[in-house]
Amino acid sequence: MTHLLSVSDLGREGIEEVLRVADAFAEVGSRPIPKVPTLRGKAIATLFFEDSTRTRLSFETAAKRLSADVLSFSAAASSVKKGESVRDTIETVEAMGMDALVVRHSSAGVPVQVSRWVKHCKVVNGGDGWHEHPTQALLDCFTVRQARGDIEGLRVIVVGDIRHSRVARSQVLAYGALGAKVTLVAPGSLLPPSLEGWPVEVTDDLDAVLPSADVVSLLRLQAERGSGAFVPSLREYTSRFGLTARRAERLGPDAVVTHPGPMIRGVEIASEVAELPQTLVTRQVTNGVAVRMAVLFLLLGGAR
Amino acid sequence: MAERERSHTRGGTFVPRSQVLSAADVSRALVRMAHEVAERNGGLDDVVLIGLQTGGVPLAHRMAGALGDAEGAAVPVGTLDVAFYRDDIGLRPVLPEAATDVPKDLTGAVVVLVDDVLFTGRTVRAALHALSDFGRARAVQLAVMVDRGHRELPIRPDYVGKNLPTRRDEMVDVSEDGVVIGVLE
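Residues numbered from 1 in each chain as written. Chains lettered and ligands numbered in written order. Predicted model: local features only at pLDDT ≥ 70, side-chain atom pairs only at ≥ 80, totals over all residues.

Student: Before we move on, can you summarise the nonpolar core with the specific residues and values?
Tutor: Among soluble globular proteins, nonpolar side chains are generally buried collectively. In this structure, Cys141 and Leu296 of chain A together with Met63 of chain B are the most contacted members of the largest nonpolar core, which totals 146 residues. With 10 residues, helix α11 (residues 281-300) of chain A is the largest single contributor of residues to this core. Mapping this core onto the domain boundaries places at least three of its residues in each of domain 1 (7-133 + 285-300) and domain 2 (134-283) of chain A. For leucine 296 of chain A, the residues in contact, after removing those within four places along its chain, are Leu39, Ile44, Ala62, Ala63, Leu66 and Ala100 of chain A. (Core = buried A, V, L, I, M, F, W, Y, C linked by C-beta atoms within 7 Å. Buried ≥ 20, exposed ≤ 12 C-beta atoms within 10 Å, placed from the backbone. Helix = DSSP H or I, 4+ residues; strand = E, 2+ residues; numbered from the N terminus. Domains from an automatic or database assignment. Contact = placed C-beta atoms within 7 Å.)

Rendered as structure tokens:
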């Protein structure tokens, strides 16, 4: 692996390799000392030009459990505020001897651009605009596989703000590559302008597809990207697309619910539903560390 | 780690040259080594067998069976994959091959590491490092079916099935059918 910019860099084989290696790191996470010396001497910088709590903490935990050194950068507290360009920031950080950069930015394509600028660093996309969030989709697949076994043939519904969701794009690619059947469930206003080439079905009727779904992936309405303006009201959105307690009763007995977080309880998911055993949100967070350890290991631990 | 499995990462296929131990020889050696483990430790109190993935794991289970027959007690058996502790990460493709399942906190235990072939000693070094993350064992001992020499580290086995002089470029395969020396072609 040179960089991880999109799920499509991996293909089915690459995704399965990440999941297999993540299994081994999940075991490491269960040990009395959940840390291995694998990436001793490597330095990893997390460059977050956009806010995040779980993704940043997860990557930093993963790097530390691999014994790598971690440098943390957030735009709000940096020279970007003084007008330094992204390119100069990247060159500065690379010149300090970093081996990998985890990049998050509110604009799609920044991680790809960064991967062209760097001389030797490996670049990991930590979420770029509406584009992709590959490690989130990988940890979703890992968690679903852990709960349900093989993903091949599972019916996955992705519900909510598809338009503004980088998670949805990465999920469609990852679940699709592993042989799941993906259906997007959203009001027309929250679908992307074009779905050409997406291997998905689309509906705006959650109640019709919910009972047969194996995996329900809920997405957050992204207020910071103006989702609010795309629905008449939050109450109406919840009444048609929220996983309410009453709707959750119609889930299949083995169905699982995932959410990339942060959850907005009472909008896309009812508080009671968030607490159900088939809601895997906490497991997703735990598994996220193992999956990101696998990604960093495959990027930095492989033979040149 | 089984040498034969390592061959696919180096390229080439294992070509057998000569059979060194028969299946029956391996069984006898395992029984003898099991008795030596019990003798050295004055029984099986606190003894835990840990098979190194992947070649050491079946041998660890067979040794536990032999210890059960000889001493009438069940010995816990664990497995350990040392990929994340290797010192050649970045120099060659290193991937975890199989599960690590260490049965309990090892503090106070007498751990017997079991592997099929002892060669450079680097796998054992990685295993010792890994073990220290599971607690402070009272003692760690090493049992190998074949000691083929060519050590690169100050490591020696406590229990040996067979000392086998080899050339560095040869490979040793330990399986249910016995021990075979061959080359990679």
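Okay, back to it.
Student: So what's going on with the interface of chain A and chain B? Residues and values would help.
Tutor: Chain A puts 13 residues into the contact, and the matching count from chain B is 18 residues. Among the residues making up the side of chain A that touches chain B, the classes are represented as 8 nonpolar, 3 polar and 2 charged. (Nonpolar A, V, L, I, M, F, W, Y, C, P; charged D, E, K, R; others polar.)

Student: Requested: an account of the domain arrangement of chain A, with residues and values cited.
Tutor: Residue and element names in this part refer to chain A. Structurally, chain A comprises domain 1 (7-133 + 285-300) and domain 2 (134-283). Distance between the C-alpha centres of domain 1 and domain 2: 25 Å. Each side of the interface is counted separately: domain 1 has 24 residues, and domain 2 has 24 residues. If you list the elements that add at least two residues to the side of domain 1 that touches domain 2, you get α1 (11-29), β4 (122-128) and α11. Here the element with the most residues in the side of domain 1 that touches domain 2 is α11; it accounts for 7 residues. For the side of domain 1 that touches domain 2, the class distribution of residues is 9 nonpolar, 10 polar and 5 charged.

Student: Break down unusual backbone geometry for me, with residues and values.
Tutor: Of the consecutive residues glycine 261 of chain A and proline 262 of chain A, the connecting peptide bond is found in the cis state with omega at -5 degrees. With respect to the helices and strands, the residue proline 262 of chain A is situated in the loop between β9 (256-258) and α10 (271-274). Residue threonine 54 of chain B is reached from glutamine 53 of chain B by a cis peptide bond, and omega for that bond is -5 degrees. Although it is not a glycine, serine 67 of chain A adopts a positive phi angle of roughly 70 degrees. On the secondary structure map, serine 67 of chain A appears in the loop between α2 (54-65) and β2 (69-74). The phi torsion at aspartate 46 of chain B lies on the positive side, around 70 degrees, for a residue other than glycine. Mapped onto the fold, aspartate 46 of chain B is located in the loop between α2 (23-40) and β2 (47-52). Residue aspartate 46 of chain B is classed as partly exposed on the basis of its 15 C-beta neighbours within 10 Å.

Student: Got a sec to walk through the environment of cysteine 121 of chain A? Specific residues and values, please.
Tutor: Residue and element names in this part refer to chain A. Structurally, cysteine 121 can be placed in the loop between α4 (110-117) and β4. Owing to 22 C-beta atoms within 10 Å, cysteine 121 belongs among the buried residues under this scheme. Spatially, the C-alpha atom of cysteine 121 lies 9.9 Å from that of alanine 43, the residues being 78 residues apart in sequence. Beyond its immediate sequence surroundings of up to four residues, cysteine 121 is in contact with Glu94, Met98, Asp99, Ala100 and Leu101.

Student: Quick rundown of the packing of helix α5 (residues 134-148) of chain A against α11 of chain A? Include the residues and the values.
Tutor: Residue and element names in this part refer to chain A. Where α5 contacts α11, the two axes come as close as 8 Å, and the packing angle between them is 115 degrees. Where α5 crosses over α11, the handedness of that crossing is right-handed. In this structure, α5 contributes Thr135, Leu138, Leu139, Asp140, Phe142 and Thr143 to the contact, and α11 contributes Arg283, Gln284, Asn287, Gly288, Val291, Arg292 and Val295. Of the residues belonging to the contact of α5 with α11, the class tally is 5 nonpolar, 5 polar and 3 charged. (Axes fitted to C-alpha atoms, helices over the stretch in contact; angles between N-to-C directions. Left-handed = near helix turned anticlockwise from the far one by under 90°.)

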